[in-house]
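Listed below are the residues making up each chain.
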Amino acid sequence: MLLSRRGALAALALSTAIGASSHAFAQNAEKPNVTLGVGGKQLLYYLPLTIAEKKGYFKDQGLDVTINDFGGGAKSLQALVGGSVDVVTGAYEHTIRMQAKGQDIRAVIELGRFPAITIAVRKDLADKVKSAADFKGLKIGVTAPGSSTALTAQYAMVKAGLKPTDAAMIGVGAGASAVAAIKQKQVDVISHLDPVTSKLEADGDIVSLIDTRTEAGTKALFGGSNPAAVLYLKNDFAEKNPVTTQKLVNALMKALKWLDTAKPEEVAALVPEEYLLGDKPLYLRAVKNSQESYSRTGIATPDAMKSMYDSLKLLDPELANSNVDLSKTFIDSFAKKAASGS
């Protein structure tokens, strides 16, 4: 009798716990209206964000997400620090930089596991510029100075024996303006992302020197995987708005899962017309080129985070002697919960 009573009490406790957990998952967001910053939304680097938006995954979670496109990742970060946006889809490396400065900014889901950045030289200069060692004195087109496209170019230069200041980083934006910068010879080299890269390759305007759209290309430059796009925020936002944060991550995880099995044609049909840069076959090729770069789990591995930190230490004198606790740059509990569907 006692055992059955204990069993009944245990069963009641378990069902109460499950009910509480389910209730927590079904809770209303503390902040249903969220402002999100991004630097170049049409880039395939940020494709999971567009999928979550266009497929209605944010709305399914009870969120009204306003997306502000700042054209470059560094500007998105400034907006977060300044308080004009709540969260950012941007490069993981920004969390390391901000932690080193004593600002508690953390990623909550990985969207890209490889940078997907290609560094290429204008075709008419390809006979003179064979590698990053030849970039001295050149103009390098990037989405915006200080963004991941600029940092990747500077890292390649430092690795090749140059200083990060040996070439000028010229902000060329994220779409048609970036294509025009090469075609009009405003820049000599471009460090950029798809679909811009694939457009310039298809038109015969550039010769690629470094390609981190693939695992092999990423390892060749960085020595290992490198977390790319993430959703990051101030840690106190996550602490004050855990349900809202979970719902944002849920929507983006659903986008990653959709993207994992989607055909390029399905992606092209979903995104706004201007994302195609006037060339749908090219966009399809760009999507195919980039699909390997998206995160499969939503979680950055410790080795990948260390690879990014090591590259930043080599590149930035301010970080050379820093001691950032990488566990504070990424909260993985939200992505784990989203992946399990609990």
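To be clear, the structure that these remarks concern was listed above.
Residues numbered from 1 in each chain as written. Predicted model: local features only at pLDDT ≥ 70, side-chain atom pairs only at ≥ 80, totals over all residues. Heavy atoms only, no water.

Caption draft 1: A look at the packing of helix α5 (residues 93-100) against helix α14 (residues 302-315). Viewed as axis vectors pointing N to C, α5 and α14 meet at an angle of 60 degrees, and their least axial separation amounts to 10 Å. The two elements α5 and α14 cross, and the hand of that crossing is right-handed. Facing α5, whose interface residues are Glu 93, Ile 96 and Arg 97, α14 presents Met 305, Met 308, Tyr 309 and Leu 312. Of the residues that constitute the contact of α5 with α14, the class distribution is 5 nonpolar, no polar and 2 charged. (Axes fitted to C-alpha atoms, helices over the stretch in contact; angles between N-to-C directions. Helix = DSSP H or I, 4+ residues; strand = E, 2+ residues; numbered from the N terminus. Left-handed = near helix turned anticlockwise from the far one by under 90°. Contact = heavy atoms within 4.5 Å. Nonpolar A, V, L, I, M, F, W, Y, C, P; charged D, E, K, R; others polar.)

Caption draft 2: Just the pattern of salt bridges, in detail. On inspection of all chains with the given rule, the structure shows 18 salt bridges. Note that Asp 316 and Arg 97 form a salt bridge whose closest N and O atoms lie 2.6 Å from each other. Here the residue Asp 316 occupies a position in the loop between α14 and α15 (317-320), and Arg 97 occupies one in helix α5, the gap between them amounting to 219 residues. Pair check on accessibility: Asp 316 and Arg 97 agree, each one buried. Linking Asp 124 and Arg 122 is a salt bridge whose minimum nitrogen-to-oxygen distance equals 2.8 Å. (Salt bridge = Lys/Arg side-chain N within 4 Å of Asp/Glu carboxyl O. Buried < 20%, exposed > 50% of the residue type's maximum accessible area, 1.4 Å probe, protein only.)

Caption draft 3: The arrangement of the sheet that holds strand β5 (residues 117-122) in detail. If you walk across this open sheet you meet the 5 strands as β7-β6-β8-β5-β9, and the pairing is mixed. Edge strands, defined here as strands with exactly one partner in the open sheet, are β7 (168-171) and β9 (206-211). Strand after strand, the sheet turns through a mean of 30 degrees between neighbouring axes, direction not considered. Pairing analysis gives 5 bridges linking β5 to strand β8 (residues 189-193), with the strands arranged antiparallel. By the bridge assignment, Thr 118 is partnered in β8 with His 192. Contacts from helix α6 (residues 148-159) reach β5, β6 (139-142), β7, β8 and β9 within the one sheet, and its direction differs from that of β5 by about 70 degrees. (Pairing = 2+ DSSP bridges.)

Caption draft 4: Just the pairing of β5, in detail. With 6 of 6 residues buried, β5 is to be regarded as a mostly interior element. The pairing of β5 with β9 spans 5 bridges and is antiparallel. Among the inter-strand pairings, Arg 122 is bridged to a residue of β9, identified as Ile 206.

Caption draft 5: Up close: the sheet that holds strand β1 (residues 33-38). Ordered by their spatial adjacency, 5 strands build an open sheet running β2-β1-β3-β10-β4, and the pairing between neighbours is mixed. The open sheet has two edge strands with one neighbour each: β2 (64-69) and β4 (105-110). Ignoring which end each strand starts from, the neighbouring axes of this sheet average 30 degrees apart. Contacting β3 (87-91), β4 and β10 (229-234), α5 crosses the sheet at an angle of about 160 degrees to β4. The strands touched by helix α11 (residues 242-261) are β1, β2, β3, β4 and β10; relative to β4, the strand with the most contacts, the crossing angle is about 35 degrees.

Caption draft 6: View of the side chain of Asp 86. Relative to the helices and strands, Asp 86 is located in the loop between α4 (73-82) and β3. Owing to a relative accessible area of 14%, Asp 86 belongs among the buried residues under this scheme. Only 3.2 Å separates the side chain of Asp 86 from the side chain of Lys 31, close enough to count as a polar contact. (Polar contact = N/O pair within 3.5 Å; in protein donor to acceptor, adjacent residues only side chain to side chain.)

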